[in-house]
Amino acid sequence: MKDRRTQLDKLNTLLFGKDLRITKGGVYSEIREYDFSSYYPEGEYIKPQATPSDNIYDIRSFGASPDSEDNAEAINTAVALASQTCGCVLVCGGEYVTTTVFLKSNVTFFIEKGSALVSNTTGKGYNHKGILHADGAENITLTGGGKIKGNGNLFGRKPLFDRNMTEHPEYIDVIQMRRDLRAQLRFAHESKYGGPVYFKDCKNVKAENIIIENAAHWSFRLENCNGVTVRNFVINNNRHVANADGLDIAGTSNIKIEHCFISTADDGICIKNAIWLGNKCAMENISVKDCEVCSCANSFKIGTETTYDIRNVKVENCRFFMNDIYPGTVSGIAIESADGSKVSNIRVKNITMDRVTCPVFIRLCNRNRAAVVTAESANAVEFGQKKKKGATVTKDAFDMLGKVEDIIIENIEATGVEIPVIVAGVKVKGTTKYVENVTLSNINMEYAPYKEVYDKRRFIPEYTDVYPEAWRFRNLPAYALWARHVKGLKLLDFNCTVPKSTWKKQIITEDIK
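Q: I'm lost on the environment of Val101 in this one. Help?
A: Relative to the helices and strands, Val101 is located in strand β4 (residues 101-103). Note on Val101: relative accessible area 0%, which makes it buried. Among residues more than four places away in sequence, those in contact with Val101 are Ile75, Asn76, Val79, Phe109, Leu117, Ile131, Leu132 and His133.

Q: Teacher, can you tell me more about unusual backbone geometry here?
A: Excluding glycine, a negative phi dihedral is what most residues carry, and trans is how most peptide bonds are arranged. Gly303 connects to Thr304 through a cis peptide bond whose omega is 0°. Examined against the element boundaries, Thr304 turns out to sit in strand β20 (residues 298-306). Residue Pro327 follows Tyr326 across a cis peptide bond; omega there is -5°. Within the secondary structure, Pro327 sits in the loop between β21 (310-321) and β22 (329-337). The residue Asp406 is not glycine, and still its phi comes out positive at about 60°. Looking at the element boundaries, Asp406 is found in strand β25 (residues 403-417). For Asp406, a relative accessible area of 31% puts it in the partly exposed group. One non-glycine residue, Lys429, adopts positive backbone phi at about 55°. By secondary structure assignment, the location of Lys429 is in the loop between β27 (426-428) and β28 (431-433).

Q: Honestly, the pattern of salt bridges in this entry has me stumped. Any pointers?
A: Inspection of the entire model under this criterion finds 31 salt bridges. The salt bridge involving Arg221 is made with Glu223; its shortest N-O contact spans 2.7 Å. A salt bridge links Lys504 to Glu452; its shortest N-O distance comes to 2.8 Å. One end of the pair, Lys504, is in the loop between β31 (478-496) and β32 (505-512); the other, Glu452, is in strand β30 (residues 451-452), and 52 residues separate them in sequence. The same class applies to Lys504 as to Glu452, namely buried. Connected through shared salt-bridge partners, Asp245, Asp248, Lys272, Glu305 and Arg369 make up one network.

Q: In this structure, what is going on with the nonpolar core? I would like to understand it.
A: By size, the foremost hydrophobic cluster in this structure holds 128 residues, and its most contacted members are Phe109, Phe199 and Ile409. Once you skip the residues sitting within four places of it in the chain, Phe199 turns out to touch Leu103, Leu132, Ala134, Ile140, Val205, Phe220, Arg221, Leu222, Glu223 and Cys225. If you look at the next biggest cluster of nonpolar residues, it comprises 11 residues, including Trp276, Leu277, Val373 and Ala378.

Q: Would you explain the environment of Ile131 in this entry?
A: On the secondary structure map, Ile131 appears in the loop between β6 (116-118) and β7 (132-135). When the C-alpha atoms of Ile131 and Gly150 are compared, they prove to be 7.8 Å apart, with 19 residues separating the residues in sequence.

Q: Looking at this model, I keep getting lost on the packing of aromatic side chains. Mind explaining?
A: Aromatic ring pairs are reported here in terms of the distance separating the ring centres and the angle at which the planes meet. Evaluation of the coordinates by the stated rule reveals 14 aromatic pairs. The interplanar angle of 80° and the centroid separation of 6.1 Å between the aromatic rings of Tyr447 and Tyr479 together place this pair among those described as edge-to-face. In this pair, Tyr447 is assigned in strand β29 (residues 435-447) and Tyr479 in strand β31, connecting sequence segments 32 residues apart. The exposure class assigned to Tyr447 is buried, which follows from its relative accessible area of 6%. Classification of Tyr479 as buried rests on a relative accessible area of 7%. With a centroid separation of 5.4 Å and 55° between ring planes, the pair formed by Phe473 and Trp482 is classed as tilted. Aromatic rings pair up to connect Tyr39, Tyr40, Tyr45, Phe261 and Phe321 into one cluster. Over the ring of Phe383 we find Lys192, and its NZ or CZ is 5.8 Å from the ring centre. Stacked on the ring of Tyr198, the Lys or Arg Arg221 has its end atom at 4.5 Å from the ring centre.

What counts, and at which threshold
Residues numbered from 1 in each chain as written. Predicted model: local features only at pLDDT ≥ 70, side-chain atom pairs only at ≥ 80, totals over all residues. Heavy atoms only, no water. Helix = DSSP H or I, 4+ residues; strand = E, 2+ residues; numbered from the N terminus. Buried < 20%, exposed > 50% of the residue type's maximum accessible area, 1.4 Å probe, protein only. Contact = heavy atoms within 4.5 Å. Salt bridge = Lys/Arg side-chain N within 4 Å of Asp/Glu carboxyl O. Core = buried A, V, L, I, M, F, W, Y, C linked by side-chain atoms within 4.5 Å. Phe/Tyr/Trp six-rings, centres within 6.5 Å; stacked < 30°, edge-to-face > 60°. Lys NZ or Arg CZ within 6 Å of the ring centre and 35° of its normal.

Purely geometric numbers; function is a separate question.
Right, dumping it as structure tokens:
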């Protein structure tokens with residue numbers, strides 16, 4: 001690996017630096033060493049739970065069998081009857097392959113420990129709704145200590161690299177880091193069917209003492225729901241299945257996420273609110289606490305899909321980390337508005353991080369994605385299809401409306417840091433959009449023990465309309481903090497150890513009001 005990037009390297013990256021994406025080839029089903037996290041504390045999150053005995057609808061009584069190729073009809077019959085009596089659907093006695101199960105109101109869906117719902121191996125029969133789907137339901141509970149298994153390794157193409165990386169290179173180079181991650185990903189095959197759980201327009205939802213394993217897509221999607229509790233919950237995914245997010249909270253308000261373990265390839269806990277996702281209005285009152293997240297992307301993220309407002313979010317007492325593969329997590333805390341959303345009143349405190357490359361990434365840009373995608377075109381690539389043309393709204397519907405403001409982040413202990421905290425607004429069309437009122441208090445960062453590639457640039461582009469991510473800014477000239485286009489930035493007890501060998505400054509600010 002080179003110790004510096006030449007002018008030719010920089011020009012090639014600028015002109016031809018496209019993201020790697022494997023778009024050809026059949027399914028690659030092999031599970032490699034370190035696809036799944038070697039740290040897996042299931043016993044700390046999932047506890048023995050007594051099987052209910054009253055008002056029970058055992059799916060075996062309706063013809064379900066571990067030997068059947070599709071148990072959907074039997075399970076859906078049990079769900080329909082249980083809904084009439086506020087009953088409990090019981091899944092026990094093994095693993096049951098099924099196409100989509102449609103969960104209804106007033107049902108407890110109990111998967112006994114040692115039992116599971118499992119996707120089929122073909123991806124047929126789902127229509128992207130996934131294994132367990134609820135639409136317009138209320139008073140539903142998912143529990144029992146068992147699993148929903150997504151067979152994620154059966155719906156992606158072979159990665160460019162022949163094995164997973166576990167050793168850090170000699171130098172820190174963000175450009176190479178990004179390439180190395182993408183070269184290990186299993187990008188979607190066209191057979192990809194959806195994710196394990198998808199709840200839409202639901203009220204009073206509880207998911208407790210349950211495991212999602214090996215998702216092919218978003219593991220637990222909550223769209224336009226209200227009143228949700230996710231507690232004592234595990235997501236254990238193949239960390240190289242592309243777009244396998246953990247918890248996706250889209251257009252959903254009044255949600256508590258407590259005591260969860262999430263290990264996944266993409267974002268661990270992700271908050272979105274976008275018109276092309278089917279979201280309709282502002283979302284608020286989101287609480288995350290006492291969680292462990294091992295993510296190859298962002299541990300906790302607001303964004304990127306953001307047209308409607310997101311406010312009143314608290315994240316506290318969590319551990320974000322990468323334990324046994326390279327590269328580390330992209331960002332620990334990512335707070336983004338890319339498409340017109342006002343993101344405000346965000347509080348983060350008492351977070352430990354290890355091998356998270358960028359501890360905090362705060363970004364306001366103007367991608368304006370609603371003007372170039374529809375629900376179908378936005379999902380095309382994620383399901384192994386070609387991009388499609390179309391727009392959800394006119395070009396000016398959300399253009400230049402985004403805001404990021406009133407952010408307080410305090411008590412952060414981060415080790416293995418490789419790039420600085422980034423706080424960045426955007427200058428576009430002659431107008432500057434500022435991130436406003438950000439306080440970073442009691443931040444302690446220990447830099448990773450590696451040399452840094454020399455990559456001094458004449459200027460840092462605005463990256464106005466591209467996918468916002470900490471790595472997108474490449475090798476920045478600061479190691480502790482890089483901030484641009486910000487009003488009201490406060491640093492209180494902000495510390496970072498000096499890197500082993502660096503050409504960078506500790507803090508660089510530009511256009512700070």
